[in-house]
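Fold and geometry: a report
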Amino acid sequence: MTSSFRLTNIRPQTAAVILLAALPSCASVPLHQGTSLSSYKDMAASGGSLTKAKLRVDPASVLVARTVRIVPTSAQLGNSGALDPKGLALVANAIDRALCTGLSDRFQVVAANQPADLVVHATVTDIVPTNRTAAATSAVASLGTSVALAIPIPRIPIGLGGLSVEAEAVGQDGAQKAAMLWSRGANMLTTKARISSVGDAYSLSSAFGGDFSRMLVRGQDPFKGKPAIPSIQKIKASLGGDPKYDACKAFGSAPGLTGAVAGQLGLPPSWSDKGAAAPQ
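Since the model is a prediction, treat every value here as computed from it, not as a measurement.

Attention now moves to the pairing of strand S6 (residues 162-171). The element S6 is largely enclosed, with a buried count of 10 among its 10 residues. Here S6 shows two buried faces, one formed by Gly162, Ser164, Glu166, Glu168 and Val170 and the other by Leu163, Val165, Ala167, Ala169 and Gly171. As paired elements, strand S5 (residues 118-128) and S6 share 10 bridges and run antiparallel to each other. Within S6, the residue paired with Ala122 across the bridge is Ala167. Alignment of S6 against strand S7 (residues 176-185), held across nine bridges, turns out to be antiparallel. When the bridges of S7 are listed, Gly162 appears paired with Gly185. Between S6 and S7, which pair antiparallel in sequence order, lie four residues; one of them, Gly174, sits at a positive phi of approximately 85 degrees.

Here it is in structure tokens:
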């Protein structure tokens, strides 16, 4: 008696699980070098399990600095025409907000018209658009299953988006003191699906802001060493409270709990994030 395995004998539910397991669990986003940095020399490869990065930092110059000014994030994208301009603006502003909050842990953040020891500027170099249809399907499935079974389920690993950013910190002498190329793709486990072409890029923007600001706060590779417990000011700002420094108010308030609910429901970033504050 011989036995054979046939795909027709597999239950539909089991076949779906096998199919999903064969798909990549996260989007692959290569490091995308733009032209905004004053130098790309001597950058060392780094990164974590989900993040790709190249960086350089001058610890002596960074650690002696006490004040920092943030130039609003710009974009150098070949596919910008395929993205909603308002959504792209929210991604850029979310990066600025995350940078301002993270840098406030050690630096005094000053306004745009004030001198500073370091000037920070980031540029979005690539956005892998999120497939809105797949994101909508994942959001509905996740919400229904979570309500019925009280457990979260992974999103469908199709049409996952991603983000690539480069940034530098320049001293008063005009020389580059730190620089980073950074990219990361959404994954099916920790990145909530949002029904927006920039949904995943928006969700990942805070991760970049955290990595780059941590490099300046510590004066070293942010992907090495033990993770730090979030400061009180950082927790307060993330919940939508006033930032530590008035200069950070230019980037608006974080969506806080409203944003968390919107993320769980899969709503676009614009539903809860009002973006940068109106110019005074």
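Turning our eyes to something else, we now look at the state of the cysteines. Structurally, a disulfide amounts to a covalent bond that connects the sulfur atoms of two cysteines. Under the criterion given, the structure shown has one disulfide. There is a disulfide in this structure between Cys100 and Cys248, and the S-S distance comes to 2.0 Å. Disulfide Cys100-Cys248: torsion about the S-S bond near -90 degrees, hence left-handed. One end of the pair, Cys100, is in helix H3 (residues 85-103); the other, Cys248, is in the loop between helix H6 (232-238) and helix H7 (256-265), and 148 residues separate them in sequence.

Definitions and limits used
The numbers attached to residues start from 1 for each chain and follow its sequence in the written order. A pLDDT threshold of at least 70 governs which residues receive local features in this predicted model, and a stricter bar of 80 or more applies before side-chain atom pairs are shown or counted, although totals over entire chains, interfaces and linings include all residues. The side-chain quantities take in all heavy atoms of the structure and omit both hydrogens and water. For every residue, the accessible area (1.4 Å probe, protein chains only) is compared with the maximum for its type, and the residue is labelled buried under 20%, exposed over 50%, or partly exposed between those bounds. Strands here mean DSSP runs of E at least two residues long; helices mean DSSP runs of H or I at least four residues long; both are numbered from the N terminus. A pair of strands is treated as paired once DSSP finds two or more bridges between them. Criterion for a disulfide: a pair of cysteine sulfur atoms at a distance within 2.5 Å.

Coordinates in, geometry out; function isn't part of it.
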